[in-house]
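# Chain and residue survey
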Amino acid sequence: MTNEPIPSKQAAPAPEYLKTFDVLKRTTLDYLLPNWQLVLTSLIASIIVAATTGALPVLLKYVFDDVLHDKNQVMLVMIASAAVGVSAFKGIASYGSNITKNLIGQRIISSIQGRMFSRIIKADLAWVSGTHSGRFLSSFSLDSARVRDAVTISIIDFVQNLLTVIALMGAVFWLNWKLALVASSVIPIGILYMRTLGKKTRKASRKGMEGAGDLSALISEALGGIRVVKAYGQEDREIARVNESIRHVLKQVMKGYRAKAAASPLTEALSGIGIAAVIYLGGISVIHGQLTSGELVAFISALMLAYQPMKTVANTQTIMQDGVAAATRLFPILDIEPDIIADADAKPLHVTDGAVRFDKVSFAYGDGTRALDNVSINIPKGHTVALVGPSGGGKSTTLNLVPRFYDPSEGSITIDGQDIRDVTLASLRQASSLVTQEAFLFDDTVRANIAYGRPDASDEDIIAAARNAAAHDFIMALPNGYETSVGEAGFRLSGGQRQRIAIARAMLKNAPILLLDEATSALDTTSEMQVQNALAALMEGRTTLVIAHRLSTIMHADRIYVIEAGRVIEEGTHDELIALGGLYAELSQTQFAGLEANDDDATSLAQAVVAGE
Ligand code: ADP
């Protein structure tokens, strides 16, 4: 057991910009190496493409010198056949290289997305809830595609084009090395210019991607809150916000495109200068008989063929920079490790009674919000402890510490005497059921929703759980009974019905400890009673920690803890606390009486307290 403060981790700070070399290294190790057979195939195909491309202009030399000049017919047939053969080879090799390249690319995307999802879903709640889910979504689609492009275009295409350039430059140097030196003299200028453009692209790309992330976050937020948007008639404001964000993305993306496009005028100009110089100097050599016309034509065509892949090689810099910007956002997600883990030798929690004890627990959120201060709570076997108090006091935080969604910074929590940090997470989470205010249902059948924690549960068990949760009858009345899809019926299920399905889920899990955040939302009297009955059945025989909003729950609790500003300020039974004449007594005098009268619209204690402040 350790009492050392455990730093709680929030959303990762903006990561340091990754170095191109590091991204290259990691993508090579993580994505190219595991696919080495494909990479090798692609490399062989690339070599064939390069060699055949280099061979074509050489054939031209023989057309001019042997066929046109020497009128050699046999040579003519041979060259024509060779041209067909070379082109056919090149075609097949290009096909092979394209297919393998795209296969590698798609495997990269699948592997990034798979790993990303598993990292996010296993990450600490603090980290996940500190990041807007829209940002994850944009990383899923956009960033992973950019990293794929960085690998397929910047690495694989780069190698292929580089090989082609080498083959063609080999041909050029073989044809005439002096002219070749002249033609190559423009290359260093191009490289320098490209580096500058690469930096610009990287900056614009990063901003564009951040903008795209913000945009997805905005859209998912607006859609998630569409009822509120409509109810408050704020559609136009949301449209304006999203449009503003779209404009911002457009602006940044265009900056990136402009930087990329700026590559063309210079490379065109440089290749123009190179070719012009070769035509001029080569022409003079031909006039003086130092060069055959066939050699010059072959030379110029090889040079023209070489400039295109050379430009592509130069441009990969900009695509690589897009990839680096994407990797900077993506890799930290792929690397996230949960802080909340159990030791390798942790034993499973051994539940005998299900007694829970908070011992001098303090907790602060990663942003420094001190949410709990020296809280001690004791819940003996089978007892119900109610947490009451003003909103923001720390009740939800207390509940979230039991399944270790967060770890206390000081103090300890034990279940049947075992520190929850010393047992396996799986056994700890198996020991408690969390029933939250908002009954969350998956887009699946009612059956699957109830069986979420025990997918292999038998029909009998599922029906028994539903009966106990007062859900069986309404489920049977659904079009397909237990097989009805909640997605389709989602809007037809009432709030109370959804809650009862969630209660049935907890019922089926049958954990000895119940963590209950009582709903504050209004239900009609009948639903309210059904939900109350279902909850009462669920609480039966379990150790229950409940955030209580209803007087009936509070009255039935074995002990009440009044939490304000992160501290337990009063504790005792209802009668004891009334006698104490403190906050609880005040609340019950001013609020609870009205609460019972208003129970039809289920005014909650929390609401009442907030309203009374
Ligand atoms: P209650 O359930 O009593 O309304 P909470 O436990 O939700 O209170 O909140 C206690 C305090 O912790 C509040 O000040 C709240 O603003 C803060 N808080 C709650 N959740 C977070 C979070 N995820 N990050 C930072 N602060 C939080």
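Notes on the structure follow. (Residues numbered from 1 in each chain as written. Predicted model: local features only at pLDDT ≥ 70, side-chain atom pairs only at ≥ 80, totals over all residues. Heavy atoms only, no water.)

## Observations concerning the packing of aromatic side chains
Applicable threshold: What counts as a ring pair is set by centres within 6.5 Å for rings of Phe, Tyr and Trp (its six-membered ring), and what kind of pair is set by the plane angle: stacked under 30 degrees, edge-to-face over 60, tilted for all other angles. For every residue, the accessible area (1.4 Å probe, protein chains only) is compared with the maximum for its type, and the residue is labelled buried under 20%, exposed over 50%, or partly exposed between those bounds. In this analysis the charged atom, NZ for Lys or CZ for Arg, is taken to sit over a ring once it is within 6 Å of the ring centre and within 35 degrees of the ring normal.
Scanning the model with the defined rule gives six aromatic pairs in all. Judged by centre distance (4.8 Å) and plane angle (80°), the rings of F363 and Y365 are edge-to-face. Here the aromatic rings of F440 and F442 are separated by 5.0 Å at their centres, their planes lie at 90°, and the arrangement is edge-to-face. The exposure class assigned to F440 is exposed, which follows from its relative accessible area of 52%. Members of the aromatic cluster, joined through ring pairs, are F363, Y365 and Y406. Over the face of the ring belonging to F331 we find R26, whose NZ or CZ atom lies 4.2 Å from the ring centre. Its end group placed over the ring of Y62, K61 keeps NZ or CZ at 5.6 Å from the ring centre.

## Things to note about the pattern of salt bridges
Selection rule: Any Lys or Arg side-chain nitrogen located within 4 Å of an Asp or Glu carboxyl oxygen qualifies as a salt bridge. Helix and strand assignments come from DSSP, with helices taken as H or I runs of at least 4 residues and strands as E runs of at least 2, each series counted from the N terminus.
What the rule picks out here adds up to 20 salt bridges. A salt bridge links D65 to K61; the nearest nitrogen and oxygen atoms lie 3.5 Å apart. With D65 and K61 both in helix α2 (residues 36-69) and four residues apart, this pair spans about one turn of that helix. For the pair shown, D65 and K61 are each scored as buried. Look at the salt bridges and you will find they share partners, linking R26, D30, R115 and D335 into a network.

## A short note on the side chain of T484
For clarity, the threshold we go by: Each polar contact in these results corresponds to two N or O atoms within 3.5 Å; when the atoms are within protein, one needs to be able to donate a hydrogen and the other to accept it, and residues that are neighboring in sequence are counted only if both atoms are side-chain atoms.
Within the secondary structure, T484 sits in the loop between α16 (472-476) and α17 (486-489). Reaching out from T484, the side chain makes a polar contact with the backbone oxygen of G481 at a distance of 2.7 Å.

## With respect to the nonpolar core
Just so we agree on the cut-off: We call a set of buried residues a nonpolar core when its members are Ala, Val, Leu, Ile, Met, Phe, Trp, Tyr or Cys and they connect through side-chain atoms within 4.5 Å of each other. Segmentation of the chain into domains, including their bounds, is taken from an automatic or database domain assignment. Pairs of residues are marked as contacts when any of their non-hydrogen atoms sit within 4.5 Å.
Within the largest apolar cluster, 42 residues are counted, with the highest numbers of intra-cluster contacts made by V446, I450, I475, I503, L538 and I560. With six residues, the single largest contributor to this core is helix α18 (residues 495-509). Residue contributions to this core reach at least three from each of two domains, namely domain 2 (349-431 + 513-598 + 608-612) and domain 3 (439-510). If near-sequence neighbours (up to four positions away) are discounted, V446 is found in contact with I475, L478, G481, Y482, T484, V486 and I501.

Coordinates in, geometry out; function isn't part of it.
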